[in-house]
Amino acid sequence: MDHTSPRIIGIRSNVFERVFHQVDDLTYRQDYFVVAIDGRCASGKTRLAQLLSKKFDARVVHIDEFYLPLEERRSDWKEHPGANIDFKRLAREALLPGFYSIFFKEAERGNIEYRPYSCKEKQYLEPKKLPVQQITVIEGTYAFHPELLEEFQKIARSDPDLKKRYLPNNDSWKYPYDIEIFLTCSKDIQYRRLKRREGENLENFEKLWIPLEEKYFKTCEKAKDRWTIKVDTGVNRTIKPV
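We now turn to the structure provided with this report. (Residues numbered from 1 in each chain as written. Predicted model: local features only at pLDDT ≥ 70, side-chain atom pairs only at ≥ 80, totals over all residues. Heavy atoms only, no water.)

### Regarding unusual backbone geometry
- Of note, Ala 42 is a non-glycine position whose phi angle comes to about 70°, a positive value.
- Note on placement: Ala 42 falls in the loop between β1 (33–39) and α2 (45–55).
- Phi is positive for Lys 122, which is not a glycine, with a value near 55°.
- Mapping Lys 122 onto the fold places it in the loop between β4 (117–118) and β5 (123–124). (Helix = DSSP H or I, 4+ residues; strand = E, 2+ residues; numbered from the N terminus.)

Below is the structure:
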């Protein structure tokens, strides 16, 4: 997908003012931190990530660049939310470096480098290099997926340098995000945005991607208490500020 320009037309930046305030506040209290943006398709996740990268010292990792090639997916992947994502690679190549930069500041291992997978071209693209910045943004549906968090925990605890700093009772080892943002919008607004954005591909979203997302969100019920903020981008209001 093209992340060079906003994919959702009509979402004004002031919708995210509460998010900007939350992020800005943390920049004064923490040298490095990780922000996760999850939510419904067409709710403005990419738009928000782009705005954060412009307003702050932030690098952005798009989860849809970590799709699994079709031949590597389980045969019933269309029935299991997130089964199209390479969670192991995402945890190892993006989440771990973001977490590493928190502990070791400007350490080289905080640099992120990965090869985006293009579903359109059906191949891995040239490596993308993201040097250490104060904020690492993980953007995309399934950012809160239990499997991703489990993979991160396994990798982080097996890392020889991080192992020395492991704190069993510290939630950051369970949940690597300092700020968790969930974006949503009504079904009507979602439909209109997707129709404008996807055109003939709209049916694929209605029959496959949206049902998978909704099934996934039900598994995230327990995670709601950890969400820092929830924003409805269709009605221009914050639902759950801290």
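### Here we look at the environment of Val 34
- In this fold, Val 34 is placed in strand β1.
- The exposure class of Val 34 is buried, given its relative accessible area of 1%.
- Sequence separation between Val 34 and Glu 180 is 146 residues; the distance between their C-alpha atoms is 8.8 Å.
- In this structure Val 34 touches Gly 98, Phe 99, Ile 102, Thr 136, Ile 138, Pro 176, Tyr 177, Asp 178 and Ile 179, once residues within four positions along its chain are discounted. (Buried < 20%, exposed > 50% of the residue type's maximum accessible area, 1.4 Å probe, protein only. Contact = heavy atoms within 4.5 Å.)

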